Amino acid sequence: MRFTNKLYAQHLGWMFKKKWQVQGKRVPIDTGAESELSNHGIKVKDIMEVATPKIEFQRVEFESLVPKKHAENETHPNWHPQLCHFYGNSNVLLEGISQAQVLTKTVEIKGLPKNVIDAIEKSQVPSHIDRSVYNAVMSSHVLDAEQVKLPKVKIPERPAFRLPRDYGISHQRKNRLLTNRLLAECEKLAGRSLTSRRRLLDLVNFKVTLPKDNLLLQFDVTAEKFITAARPIEPIKGRYDDDLPDLYPMKCTISMPKKHVYTTETFYPLSNRINCTHPHTVITHFDKEFVGNVYETGVTTTQFHSRTLLKAFAVAATRAKQLYGGSALEKLPKPIVVQSIQTDGRVFHFGVFQLNTLSLEEKNVEKNYWFHESNMDLFTECGYKMGRPYLEGFNKDVFHVINAFYHNA
C-alpha cells in the first residue's frame, strides 16, 4: 500500500450543514428599534401573535343541543287518559280479513265490482304492450345495475347457522321500478285525455283517528304510490249486507299496540284548493323483512288481504274527514270509493273499498263494502339460471287488471 500526498479536501455537503447549524443559533442583535418605538407609545408584538391569534372557545354542553325526550307518562304534552290503538305500516291484524271487517265495519264481497270486470274483459291490450310488461319485470328483478347486501337468509331448522350473504337488487327498488314501469304502460294506453286527469304521488302519508264504541283507533299508514283523479270514482251500484264475523273471545283490537301518548289530527296530503285531489288508487308494497306479526310469525294470506283493505280504508277515512270534518262521523253525504293494490313484486292483490259510513258503532246498521279477488301471480320464478336471466310463468292478466283500475272512473 502506497501513501499519497495530503490533499486537504473538504466535503461541501458537510460544510453547508455545519454552516446552517451555526447560523440557526444566532441571537438577533438589539438595534434599539424596540425601545425607540416604546418611547413613542407604540407596542411591539410577536409576529406569531398577529398571524395566528389565540381563539377562546366557549364550552357548550352536548345535552343542551339534543332535544329533551319526554317520558311517556302524565307529564308528556301529548298524554291522554284514554288509550289509543294504533295500526301502522309494519304490523298486521292477527285474524286477518275477519278482524279487519269487524274493525272497519265492512262487508266482504268476493270478486271485483261488475264495471271493473267488464272493463277487464273488454280491454284490448296490444301484444307489444304485453312484451313491454315482460321486459319491465326482467329489468326490475334481474337486469337492474344495483348491487347491495341482501337480508340474511335463515334456515328454520338451523336458526344458528349463518349462510353467506348475497348481493343483488334490493326489495324496495324492485317494487318501485316495477310499479313505475307498469303505470307508464297504462299511461301509454290511456292517452293524454285521461292522463291529464290523473296525478301520481310517491310515499304519501295518511293519518286519521276514529272512535269505535268505547275504543279509540288511529290509522297512520304510508302509500308507496298514490293516484289521484280530477273526479271521484262513482259509487258502486247495488246494496250488500251480511253479518260480520264473530271474533269471540278475542277483541277486534288484538295485536294492535296501544299508547296514552298520541295526537288526534287528521292528515290528508293534498289540499282542496287544487285540482286532482280525489283519491283514486293506492298502491302498497309488501316486504316480509319489515312487515310481520307481533309474535314474530310469518304473514298469512288473510293477513296480507287485510292490509290491502285497511290501507284503502285509511285513505277513504282521511278524505272524508277532510271534506266533511266532524260531521263525517255521523253520516256521509256521498260514499267514497278507493281502489287498492298490494304487491311484493310477484304476488298482486286487488280490491275496491267503498266507504259508506265512518260511524263504527255497533248500533249503526250501515256498513262499508270491500270487493276483492284472490292473489294473482305476475310470474312463477325470475332470476338467473346457469348465468342467464330467465322468467317463467309470466301472467299478462295482472297488467290487464291494473290497466282497468287506472281507466276506472
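Residues numbered from 1 in each chain as written. Predicted model: local features only at pLDDT ≥ 70, side-chain atom pairs only at ≥ 80, totals over all residues. Heavy atoms only, no water.

As annotated in an unreviewed UniProt entry, the chain is Large ribosomal subunit protein mL37 from Glossina morsitans morsitans. Listed under Sequence similarities (unreviewed entry) in UniProt, the entry text for the chain is "Belongs to the mitochondrion-specific ribosomal protein mL37 family." (UniProt positions renumbered as here; feature names shortened; annotations may be inferred.)

Undergrad: Give me the lowdown on the pattern of salt bridges, citing residues and values where you can.
TA: Counted under the stated rule, the structure contains eight salt bridges. Here K188 and E185 are joined by a salt bridge, their closest N and O atoms 3.2 Å apart. Placement of the pair is K188 and E185 together in helix α8 (residues 171-190), with a separation of three residues, close to one helical turn. Note on E185: relative accessible area 3%, which makes it buried. (Salt bridge = Lys/Arg side-chain N within 4 Å of Asp/Glu carboxyl O. Helix = DSSP H or I, 4+ residues; strand = E, 2+ residues; numbered from the N terminus. Buried < 20%, exposed > 50% of the residue type's maximum accessible area, 1.4 Å probe, protein only.)

Undergrad: Summarise the packing of aromatic side chains; cite the residues concerned and give the values.
TA: Tallying each qualifying case throughout the model produces 14 aromatic pairs. Positioned above the aromatic ring of F161, the side-chain terminus of R158 is 4.2 Å from the ring centre. K385 extends its terminal NZ or CZ atom over the ring of Y390, reaching a point 4.7 Å from the ring centre. (Phe/Tyr/Trp six-rings, centres within 6.5 Å; stacked < 30°, edge-to-face > 60°. Lys NZ or Arg CZ within 6 Å of the ring centre and 35° of its normal.)

Undergrad: So what's going on with unusual backbone geometry? Which residues, and what values?
TA: Following Y248, the chain continues to P249 via a peptide bond in cis, the omega torsion being 10°. Residue position: P249 is located in the loop between β6 (215-229) and β7 (258-261). You will see that D213, though not glycine, has its phi angle at about 55°, which is positive. Following the sequence through the fold, D213 ends up in the loop between β5 (198-212) and β6. Overall, D213 belongs to the partly exposed group, its relative accessible area being 38%. In this structure, S255 takes a positive phi of about 70° despite not being glycine. Along the chain, the position of S255 falls in the loop between β6 and β7.

Undergrad: Talk me through the environment of S359; I want residue IDs and the actual numbers.
TA: Within the element layout of this structure, S359 appears in the loop between β10 (347-355) and β11 (368-372). Take S359: its relative accessible area is 15%, and that puts it in the buried class. Taking the C-alpha atoms as reference points, S359 and I120, separated by 239 residues in sequence, lie 34 Å from one another. Residue contacts for S359: discarding those within four places in its chain leaves K105, L329, E330 and N364. (Contact = heavy atoms within 4.5 Å.)

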